[in-house]
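# Observations on the three-dimensional arrangement
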Amino acid sequence: MAKSFTTAALGLVLARVGPVALAAGAGPHAAWMDWEAGNDVSNIASLQRGAANFMGYCAGCHSLKYKRYSRVANDLNIPEDQLEKLLLLPGAKKGDYIISPMSKADGEAWFGKAPPDLSLITRSKGSDYVFQFLKTYYLDTNSPSGVNNLALPNTAMPHVLSALQGVQEAKFRSVEKVVDGQKVTESHWESFEITTPGQLSPEEYDAFLRDTVNFLEYVGEPVKAKREALGVWVILFLLVFTGLAYLLKQEYWKDVK
């Protein structure tokens, strides 16, 4: 698992934010809006793969400022030698927070705005949104980076996972509408077509994203799996307690009746 985040970060230098055409994704509810990550934060193997994915492709630009390397290793059962070999950024120590080596000034110079911290991205946007965002990049010659995104039109972030997913074109259809007495033409998304295959098949890419989103969901709430597991026992206790309370009530009131 190579640390390709440095290469990915350098590859973004040419991408700057600029005016682009109105996103063609505007329109009614489309099928991509129903895509679900389907991740499972209790799946430790998936979380381990997701941690590797994040450190390999995202950590060059994005931080997880509320999470320490050591906490990730402990929670995800990652051996210390694997932590130091595969996850630590250059110069980082296992007790450090996961901070991107990209400075805010460089981020603003290259992209127009500094890449955001992703510690709480799944809690603020939802896991499905992150999954959809990473799947809906498409070619757009009007964009400075050469791509656009259906989930976040005119995003400043280039498609850093294009080598894995491949390059896809979006197919749209034109729909005329009358707004305030004037005819306007909207482009409604219909489908994607891969024009340049990537290293992964569509199914493999979905699995890659699912693991990555899973890891980000864990980062946003490290105790979620334990909380959900404990919740089952709490519900069972309440059901048993309710049954006992009902029987006790019957015993107290039988003589009154």
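Preceding block: the structure.
Below you will find a few notes about this structure. The model shown is predicted, which means the values in this text are computed figures rather than measured ones. (Residues numbered from 1 in each chain as written. Predicted model: local features only at pLDDT ≥ 70, side-chain atom pairs only at ≥ 80, totals over all residues. Heavy atoms only, no water.)

## A few points about empty space enclosed by the protein
Put simply, the rule reads: Only protein atoms enter the 1 Å grid used here, on which a cavity is any set of points holding a 1.4 Å probe that cannot leave and a pocket is any open set flanked by protein within 12 Å on both sides along at least five of seven lines; residues with an atom within 4 Å of a point are listed as lining. Grid points are joined across faces, edges and corners, and a volume is the space filled by probe spheres set on the points. The helix count covers DSSP runs of H or I at least four residues long, the strand count covers runs of E at least two residues long, and both are numbered beginning at the N terminus. For this scheme, ten residues count as nonpolar: Ala, Val, Leu, Ile, Met, Phe, Trp, Tyr, Cys and Pro. Four count as charged, namely Asp, Glu, Lys and Arg, and the remainder, Gly too, count as polar.
Taken as a whole and judged by the stated rule, the model has one cavity of 30 Å³ or more. In this structure, the largest cavity encloses a volume near 40 Å³. Lining the largest cavity are Ala51, Met55, Tyr69, Val72, Leu87, Ile98 and Phe215. For the lining of the largest cavity, the secondary structure elements donating two or more residues are α2 (44–57) and α3 (69–75). When its residues are assigned to classes, the lining of the largest cavity shows seven nonpolar, no polar and no charged.

## Section: unusual backbone geometry
The phi dihedral of Asn154 falls on the positive side, at around 65°, and the residue is not glycine. By the element assignment, Asn154 lies in the loop between β4 (147–149) and α8 (162–165). Despite not being glycine, Asp180 shows a phi value in the positive range, around 55°. Its location among the elements puts Asp180 in the loop between β5 (166–179) and β6 (182–197).

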